[in-house]
Each structure stands twice: as C-alpha cells, then as structure tokens.
Amino acid sequence: RGIQAKKEASTQMLTFEQIGGQERAKRELVEALDFLVKKEEIARLGIRPLKGILLTGPPGTGKTLLAKAAAQYTDSVFLAASGSEFVEMYVGVGASRIRDLFTEARKKAAKAGKSAAVIFIDEIDVIGGKRDGGQQREYDQTLNQLLTEMDGIHTSEAPRILIMAATNRKEMLDPALLRPGRFDRHIGVELPDVKGRLHILQIHAKNKPLESMELLDRTAAETFGFSGAQLESVMNEAAIYAMRDNLEVIGRSHLTSAIDKVMMGEKTDRETTD
Ligand code: ATP
C-alpha cells in the first residue's frame, strides 16, 4: 500500500521554481540533465551515458522534490520507491521488486508516450549499504539486481532511464554503487541558508493570508538550521494558531509559536530516539 500511495503522489507535476533555495543543487542538476538530453553529441564524442544521480544531504531538504522536478524538466515519467520497501524476509523478493520497478517504468513511459523515465529511490543506503561478506544476503541480492539493471541501461534504449537516489549517509554506501557508469554524479542538498529559508517560506505562504510579508523575513532569520520540511511545518502550524485565535490573518505571535513548536517537536523526537 505504501508503494501505491507514493505512486499516486508522484503523478503531481513539479517544477524547479516550486523548490525554494538550493540554487547550487538545482544548477548542478540542470547541468547534468541538459547533458543527458544531448544524445547525438554524447554518442558522437563517445561519452559514457549518465545513468545515476545521487542526491545527498539531511532529511527534508527537498531531494524528492528535486527528483520530481528533474522528471518534469526532462519530460519523463516519474516513479518513486524507498529503500525500505525492498527489505523483505524472503530471499529474492527484494530483487524481484527491483526488476518490477524497471519493468513498470518502461511500461508507464510507453503508456504516457514519453521517451524517458526517472526512477527515484529514497533511502538508497537501506539496500545499498556496504556489503560485509556473508551477512545480509538478502540485501546483497537486491543491491546486485539494482546494479544489473543499471548496467543494462543503454542510451539508445527507449525509454531512456535515469536513476536518482537519495541518502543522508553517503559514507555508508557500497563502493560498487558509486563506480563510474552507476551513481557517478553526486549532488549535495544542504540545509538552506537565510535566503533559501526565505524563499521556501514564500513558497509555502502562497496560499496563506499574512499580516505582512515582512514577517517572512523575520521568520527566515529566526529559523537557523531548519530544513525545508520544517519550514513548511512552521507555516502550517502558524495558520493553525491563527485559526485557534479566530483571526483571518497569520500574525507574528502565530509564527513565533509555530517556530517554537517545530523546534520542540524536533527535540522530543530526538530525545525519544536517543
Ligand atoms: P527525506 O530525505 O526525508 O526523504 P527529502 O530531502 O526528500 O527528505 P522532500 O521530501 O523533498 O525532502 O521534502 C519534504 C517536504 O518539505 C516537501 O514536500 C516540501 O513541502 C518541503 N520542502 C523541503 N525542501 C523544500 C524546498 N527546498 N522548497 C520548498 N519546500 C520544501
């Protein structure tokens, strides 16, 4: 059911303009994608095709959004899965799920009349962690299947498949995944700076009435270390506080309380997981 829900969510369109901050990551990604579409030049110069892009960085910084926007930018169908979906008790199930994902990408692209597909695998470290000889044999099979599928991608093939994967633990990945021809492009997606935070807040304030737009500048200044996901929460919580106060617009106190709430929430999460 998890896979189904993700697939439905993945049908929504998303462009790079809807992603706040992350200017460097967006630029690097667009550069890589532009390179991908110049098929003839690549073939003429004998350049190895781009098959895998790895997005690295803390949770909630917009890696999934970037993968969706990459699909939109290259006019590809988009499929998403998470590493944890491939973890199964039974040997072979994870590997066959990987196979199914690639088959489905090809089918979905054909059905939509598109010549390309982006497959996004979040939490790639779950299946792509370093192999430690003998242990985790089921994960090995899953990872091997992914490597086999990636090695089987050809530029001339229709649809052309690009694998994007995300992790916040790059150092944990099996070196086999990072070899040339596999995930050999790495793009860091870091926590936003104050300008990035303002941009993200502006995006999430679009459908919300604010007392004044200057409130967003203040909020950006007061949310050092927040991720995009946390900033989205701040805007949402602030709107809830305004509703509780029976007010039609979001004011400074609502934003301040929302920042505290998101910060506290993080603290309790961390305390309970420690
Ligand atoms: P994870 O590693 O936890 O899967 P992620 O990096 O893939 O996280 P997303 O799923 O892309 O993060 O982001 C989660 C939500 O946070 C988005 O749906 C969006 O609402 C908000 N968000 C995160 N980053 C940004 C951003 N740069 N601009 C706008 N919204 C953002």
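Predicted model only: the values in this text are computed from it and were never measured. (Residues numbered from 1 in each chain as written. Predicted model: local features only at pLDDT ≥ 70, side-chain atom pairs only at ≥ 80, totals over all residues. Heavy atoms only, no water.)

Before going further, it helps to spend a moment on helix 2 (residues 23-37). With 15 residues, helix 2 should cover 21 Å at 1.5 Å per step; its first-to-last C-alpha distance of 21 Å lies within 8% of that length. Along helix 2, the positions that sit buried rather than exposed are Ala25, Lys26, Leu29, Ala32, Leu33 and Leu36. Angular distribution of buried residues about the axis of helix 2 spans 135°; they occupy a single face of the element. (Helix = DSSP H or I, 4+ residues; strand = E, 2+ residues; numbered from the N terminus. Expected span 1.5 Å × (residues − 1). Buried < 20%, exposed > 50% of the residue type's maximum accessible area, 1.4 Å probe, protein only. Arc of directions from axis to C-beta.)

Glancing now at the side chain of Ser76. Mapped onto the secondary structure, Ser76 falls in the loop between helix 4 (63-73) and strand 2 (77-82). Residue Ser76 is classed as buried on the basis of its relative accessible area, which comes to 10%. Looking at Ser76, its side chain comes within polar contact range of the side chain of Thr74, at 2.7 Å. Discounting chain neighbours no more than four positions away, the residues touching Ser76 are Ala71, Lys114, Ala116, Ala117 and Val118. (Polar contact = N/O pair within 3.5 Å; in protein donor to acceptor, adjacent residues only side chain to side chain. Contact = heavy atoms within 4.5 Å.)

Glancing now at the layout of surface pockets. The calculated volume of the largest pocket comes to roughly 580 Å³. Lining the largest pocket are 27 residues, and of these Gly60, Thr61, Gly62, Lys63 and Leu65 lie nearest its centre. Only helix 4, strand 4 (160-167), helix 9 (194-205) and helix 11 (228-244) provide two or more residues apiece to the lining of the largest pocket. (1 Å grid on protein atoms, 1.4 Å probe; cavity = no way out; pocket = protein on both sides within 12 Å on 5 of 7 lines; lining within 4 Å. Points joined across faces, edges and corners; volume = space filled by probe spheres on them.)

A word on the confidence of the model for the protein chain. Across the protein chain, pLDDT averages 88, with 88% of residues at or above 70. Between residues 1-10, whose pLDDT stays under 50, and residues either more than four places distant or in other chains, the model counts 9 contacts. (pLDDT = per-residue confidence, 0-100.)

Not every one of the 16 residues close to the ligand is listed here, only the nearest: Gly20, Gly60, Thr64, Asp122 and His204. Between Gly60 and the ligand, the recorded distance is 2.8 Å, taken from a backbone N or O atom to an oxygen atom. One of the side-chain nitrogen or oxygen atoms of Thr64 is found 2.6 Å away from an oxygen atom of the ligand. Relative to its free-state accessible area of 630 Å², the ligand is covered by the protein chains to the extent of 78%. Structurally, the ligand is housed in the largest pocket. Mapped by element, the contributors of at least two residues to the shell around the ligand are helix 4, helix 9 and helix 11. Of the residues contributing to the shell around the ligand, the split by class is 5 nonpolar, 8 polar and 3 charged. (Near = heavy atom within 4 Å. Areas by Shrake-Rupley, 256 points an atom, 1.4 Å probe, with all protein chains shown as cover. Sits in = over half its atoms within 2 Å of the grid points. Nonpolar A, V, L, I, M, F, W, Y, C, P; charged D, E, K, R; others polar.)

One finds Phe102, Ile119, Ile124, Leu146, Ile161, Ile163 and Leu177 to be the most contacted residues of the largest nonpolar core, which totals 27 residues. Looking at this core, the elements with two or more residues in it are strand 2, helix 5 (93-112), strand 3 (116-122), helix 7 (137-151), strand 4 and helix 8 (175-178). Broken down by element, the residue count for this core peaks at 5 residues, all from helix 5. Apart from the residues lying within four places of it in its own chain, the contact partners of Ile161 are Lys51, Phe102, Ala105, Arg106, Ala117, Ile119 and Ile153. Residues Leu33, Leu66, Ala69 and Ala80 belong to the second largest nonpolar core, which totals 25 residues. (Core = buried A, V, L, I, M, F, W, Y, C linked by side-chain atoms within 4.5 Å.)

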